[in-house]
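# Per-entry structural report
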2 protein chains.
Amino acid sequence: MANRDIWATMDREKQLRDFLLNGDKIYVPRVSVDCVIFGFHEDQLKVLLLRWKDGRWCLPGGFVKWDESVDESAVRTLQERTALRNIYLQQFHTFGAPNRERGKKFKDIPDTKKSWMRERFVSVGYYALVEFSKVSPRPDWLSDECQWYDIHKVPALIYDHNEMVEKALETLRIRLNDYPVGYNLLHEKFTMPELQRLYETILDKPLDRRNFQKKMLSLGILERLKERKTGGAHKAPYLYRFDKKKYERAMKQGLKLGF
Amino acid sequence: MANRDIWATMDREKQLRDFLLNGDKIYVPRVSVDCVIFGFHEDQLKVLLLRWKDGRWCLPGGFVKWDESVDESAVRTLQERTALRNIYLQQFHTFGAPNRERGKKFKDIPDTKKSWMRERFVSVGYYALVEFSKVSPRPDWLSDECQWYDIHKVPALIYDHNEMVEKALETLRIRLNDYPVGYNLLHEKFTMPELQRLYETILDKPLDRRNFQKKMLSLGILERLKERKTGGAHKAPYLYRFDKKKYERAMKQGLKLGF
DNA sequence: TGGTTATTGTGTTATGCGTACACAATGATA
DNA sequence: TATCATTGTGTACGCATAACACAATAACCA
């Protein structure tokens, strides 16, 4: 091991110890935030996961500072992991079973038996929709990897984090019936088949091409451009973009779809 | 003031002081639960409210014991206020703005400046549907009144409790499109007009009598009895009751209504 | 006692939405 | 230039919802 790595390791241990002993001066104890961050890439719905030093995977999470709201904490967590701002973020459920303490894996660190991290946590779950290509995944200081996972290939996660992913997806699917989706997950300009594949991927079922187009256009939130997307091996499809004002109105008022 | 009242007052003060100083040995600090308890009576949707000693109104709430889940805490809170068991109870949102500490009004009590109640709280909101006539409202030891309020006449509540009522009602309305309602809010036997008025009251809009009946019967969760409800001034309507098995199946699978 | 009245039970019709399906147009490739 | 997969657009059918009409009935009162 090179000298640099030794120093880096020692530094982290010191940092961790300080966090376990004094973190509650910065963060509200017993309340945490976990984010299920959805992205869309190559016709797959992805979730952003972190890998702890011990090899186990978990959701990106964080704690609530004394002067910020829980919502703000979620926004900050998301920003720190993805370097994105102005993201679609929505609270979906709060997980409050006993034995959710986050400090279990630090029991080998001396003098931290009474750490605020060793006690019970209640975690507020949020899900986010982000534009895959704009994200540069960043591990936090407790993890050494931050990676996208296909929603169908999520590994075993710590605590109840698998349940969180399931519940987030379920909430997203239900929401799809009443609100538009896509502005946050696709590029600014996109084709109708791309939008359709997004819906099909989230719902995990095929949709009729023509009926889908009719329905989407009838919402009145899409603007068809004169450009077409060339380069594909077949007929060039039109490009669309969302009319942001109308899109946001639909986000507030809700729609009447039904897939 | 009679002697009895003086003792009662002094007792409570002592009890309160002990709660402020040592409550965190029983309850998880910084996490609370608030319940929006809906009832239905005389064609009005009601909410159960508590009145504090200082006259202000609030939602029935509680704290989470160290060995119970947040859900269990909500069940217990509900039981303590209504003396009911096996109630329909659903988490709807978690409220986490700063400055939600619950101890503000106890600042005149000596030596409690460092009470766990004086610090920030995150509150998990639940709503419940209960059968009005079966409830015997019971104030908790911090309140001296527990009373039903018409949903349209809810007074100004502490903190963000008015927002909680709004959000709970909104969630209930949305849920009405996908799941049946009534088993928990009506008597065992009820007439079709009674069920309709329940829906109309929750949604706050009139529904067509004939279409409503058709829709309800098509769900296949109702059983028409041979009895009729007599005593009214007009044609005696049939009595119905829910087929509990089918009702519960619908609660799990969801429906496709749309009001 | 029989008429009055408001309410309930049970339809019918019309409209719109979702579903299923067909065919022409197009752009790259061979 | 023919091929092929894909896109753009249109039509017919069925079902669910919305809108509406009329007969039956239980209490009340003249």
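Residues numbered from 1 in each chain as written. Chains lettered and ligands numbered in written order. Predicted model: local features only at pLDDT ≥ 70, side-chain atom pairs only at ≥ 80, totals over all residues. Heavy atoms only, no water.

## As for the protein's contact with DNA strand D
Under the convention used in this document: Any residue with at least one heavy atom within 4 Å of a molecule or strand is counted as near it. Pairs of N or O atoms are called polar contacts if they sit within 3.5 Å, as long as, within protein, a hydrogen donor faces a hydrogen acceptor (for residues adjacent in sequence, only side-chain-to-side-chain pairs). Here the term charged refers only to Asp, Glu, Lys and Arg, the term nonpolar to Ala, Val, Leu, Ile, Met, Phe, Trp, Tyr, Cys and Pro, and the term polar to all other amino acids, Gly among them.
Around DNA strand D, 23 residues are found, and the nearest of them are R209(A), R210(A), Y238(A), R210(B) and G232(B). Sugar and phosphate atoms represent 48% of those atoms of DNA strand D found within 4 Å of the protein. In the model, a phosphate oxygen of DNA strand D is placed 2.8 Å from a nitrogen or oxygen of the Y238(A) main chain. Looking at the surface near DNA strand D residue by residue, the classes come out as 5 nonpolar, 7 polar and 11 charged.

## Digging into the protein's contact with DNA strand C
Surrounding DNA strand C, one finds 20 residues, the nearest of these being R210(A), K235(A), R209(B), R210(B) and Y238(B). Taking the atoms of DNA strand C that fall within 4 Å of the protein, sugar and phosphate contribute 45% of them. Within the side chain of R210(A), an N or O atom sits 2.5 Å from a base nitrogen of DNA strand C. For DNA strand C, a base nitrogen lies 3.1 Å from a polar atom in the side chain of N211(A). Grouping the amino acids of the surface near DNA strand C by side-chain chemistry returns 5 nonpolar, 5 polar and 10 charged.

## So, the confidence of the model for chain A
Applied cut-off: On a range of 0 to 100, pLDDT expresses the predictor's confidence in each residue. Labels follow the DSSP assignment, with helices taken as runs of H or I lasting at least four residues and strands as runs of E lasting at least two, numbered in each case from the N terminus.
Per-residue confidence for chain A gives a mean pLDDT of 92; residues scoring 70 or more make up 95%. The spread of mean pLDDT over the elements of chain A runs between helix 1 (residues 3–22) of chain A, the lowest at 77, and strand 6 (residues 122–129) of chain A, the highest at 98.

## Some points on the interface of chain A and chain B
Worth spelling out the cut-off: Whether two residues are in contact is decided by their heavy atoms, any of which lying within 4.5 Å being enough. Two parts lose some accessible area (1.4 Å probe) when they are put together, and adding that loss for both gives the buried area. Salt bridge, as used here: a side-chain nitrogen of Lys or Arg that lies within 4 Å of a carboxyl oxygen of Asp or Glu.
Each side of the interface is counted separately: chain A has 23 residues, and chain B has 24 residues. Each partner contributes to the roughly 1700 Å² buried at the junction of chain A and chain B, and carbon and sulfur atoms together form 60% of this total. Applying the counting criterion to the chain A and chain B interface returns 0 salt bridges. Viewed at the interface, chain B and chain A are joined by 9 residue pairs in polar contact (both at pLDDT 80 or more). Of all elements in the fold, only strand 1 (27–41), strand 4 (61–65), strand 5 (88–95) and strand 6 of chain A reach the threshold of two or more residues within the side of chain A that touches chain B. Counting residues per element, the side of chain A that touches chain B draws most heavily on strand 1 of chain A, at 4 residues.

## Observations regarding the relation of the copies chain A and chain B
Just so we agree on the cut-off: A least-squares fit on C-alpha atoms brings the copies together, and the residues used are those whose pLDDT is at least 70 in both copies.
Once chain A is rotated about the relating axis by 179 degrees and shifted along it by 0.0 Å, it coincides with chain B to within an RMSD of 0.1 Å. As the rotation angle and translation indicate, the two copies are arranged about a two-fold axis. Interface residue correspondence from chain A to chain B reaches 100%, placing this contact among same-surface, isologous pairings.

## Considering the packing of helix 4 (residues 192–203) of chain A against helix 5 (residues 209–218) of chain A
All names here are of chain A. To keep it simple, the criterion reads: Between the N-to-C directions of two axes lies an angle of 0 to 180 degrees, each axis being a line fitted to C-alpha atoms and, for a helix, fitted only over the stretch in contact. The scheme is simple: roughly parallel for angles under 35 degrees, roughly antiparallel for over 145, roughly perpendicular for 65 to 115, oblique for anything else.
The geometry of helix 4 relative to helix 5 is characterised by a closest axis approach of 10 Å and an angle of 100 degrees between their N-to-C directions. The angle between helix 4 and helix 5 falls in the class roughly perpendicular. Within the contact between the two elements, helix 4 uses M192, L195, Q196 and Y199 and helix 5 uses R209, F212, Q213, M216 and L217. Grouping the constituent residues of the contact of helix 4 with helix 5 by class yields 6 nonpolar, 2 polar and 1 charged.

## What about helix 4 of chain A?
All names here are of chain A. What counts, and what does not: Expected span of a helix: the number of residues minus one, times 1.5 Å.
Taking 1.5 Å per residue, 12 residues should reach 16 Å; helix 4 reaches 17 Å between its end C-alpha atoms and fits that length. Elements that come into contact with the buried residues of helix 4 comprise strand 1, strand 2 (44–52), helix 3 (161–175), helix 5, strand 8 (222–228) and strand 9 (238–242). Note on helix 4: the residue one or two positions beyond its end, D204, has a positive phi of about 60 degrees.

## A few points about the state of the cysteines
Residue and element names in this part refer to chain A. The criterion, for reference: Here, a disulfide means two cysteine sulfur atoms that sit within 2.5 Å of each other. Under the scheme applied here, a residue whose accessible area is under 20% of the maximum for its type counts as buried, over 50% as exposed, and between as partly exposed, the area being computed with a 1.4 Å probe on protein chains only.
With the rule as written, the count across this model stands at 0 disulfides over all chains. The thiol sulfur of C146 is not disulfide-bonded, and the nearest other cysteine sulfur, from C58, lies at 9.5 Å. On the accessibility criterion, C146 (12% relative accessible area) is buried.

## Let's talk about the pattern of salt bridges
All names here are of chain B. Inspection of the entire model under this criterion finds 40 salt bridges over all chains. Ionic pairing is found between E188 and R241, a salt bridge with its closest N-O pair at 3.7 Å. Remark: R241 occurs in strand 10 (residues 238–242) and E188 occurs in the loop between helix 3 (161–175) and strand 8 (190–191); sequence separation between them is 53 residues. The class of E188 is exposed, set by a relative accessible area of 54%. Assessed through its relative accessible area of 27%, R241 is described here as partly exposed.

## So, empty space enclosed by the protein
Residue and element names in this part refer to chain B. Just so we agree on the cut-off: Using only the protein atoms, space was sampled on a 1 Å grid; points where a 1.4 Å probe fits but cannot get out form cavities, open sets with protein on both sides within 12 Å along at least five of seven lines form pockets, and lining residues are those with an atom within 4 Å of a point. Grid points are joined across faces, edges and corners, and a volume is the space filled by probe spheres set on the points. Where each domain begins and ends is defined by an automated method or by a domain database.
All told, the structure shown has 1 cavity of 30 Å³ or more when counted by the stated rule. The calculated volume of the largest cavity comes to roughly 30 Å³. Forming the boundary of the largest cavity are L45, I151, H152, L169, R173, T201, I202 and D204. Elements supplying a minimum of two residues to the lining of the largest cavity: helix 3 and helix 4 (192–203). The residues that make up the lining of the largest cavity include at least three from each of domain 1 (3–175) and domain 2 (190–253).

## With respect to the domain arrangement of chain A
Put simply, an interface is often sized by how much accessible area is lost when its parts join up. All names here are of chain A. Here chain A is partitioned into domain 1 (3–175) and domain 2 (192–253). Distance between the C-alpha centres of domain 1 and domain 2: 32 Å. Contacts between domain 1 and domain 2 engage 10 residues on the former and 8 residues on the latter. Across the domain 1 to domain 2 interface the summed buried area is about 780 Å²; carbon plus sulfur atoms make up 65%. Its largest share of buried area at the contact with domain 2, domain 1 owes to F40, D43 and R173, together 56% of the area lost on that side. At the junction of domain 1 and domain 2, the tally comes to 1 salt bridge. Among the salt bridges present, the one from R197 reaches D43, with a minimum N-O distance of 3.1 Å. Linking domain 1 to domain 2 there are 2 residue pairs in polar contact (both at pLDDT 80 or more). Elements that contribute at least two residues to the side of domain 1 that touches domain 2 include exactly strand 2 and helix 3.

## With respect to helix 5 of chain A
Here helix 5 of chain A starts with a cap whose side-chain oxygen sits 3.0 Å from the backbone nitrogen of R210(A), and that cap is D208(A). Trailing helix 5 of chain A by a residue or two, G220(A) shows a phi angle of about 70 degrees, which is positive.

## Some thoughts on the sheet that holds strand 8 of chain B
The condition is simple: Two strands pair under a simple rule: DSSP has to find at least two bridges between them.
Overall, antiparallel pairing links the 3 strands, which are arranged 8-10-9 (chain B) in an open sheet. Edge strands, defined here as strands with exactly one partner in the open sheet, are strand 8 and strand 9 (222–228) of chain B.

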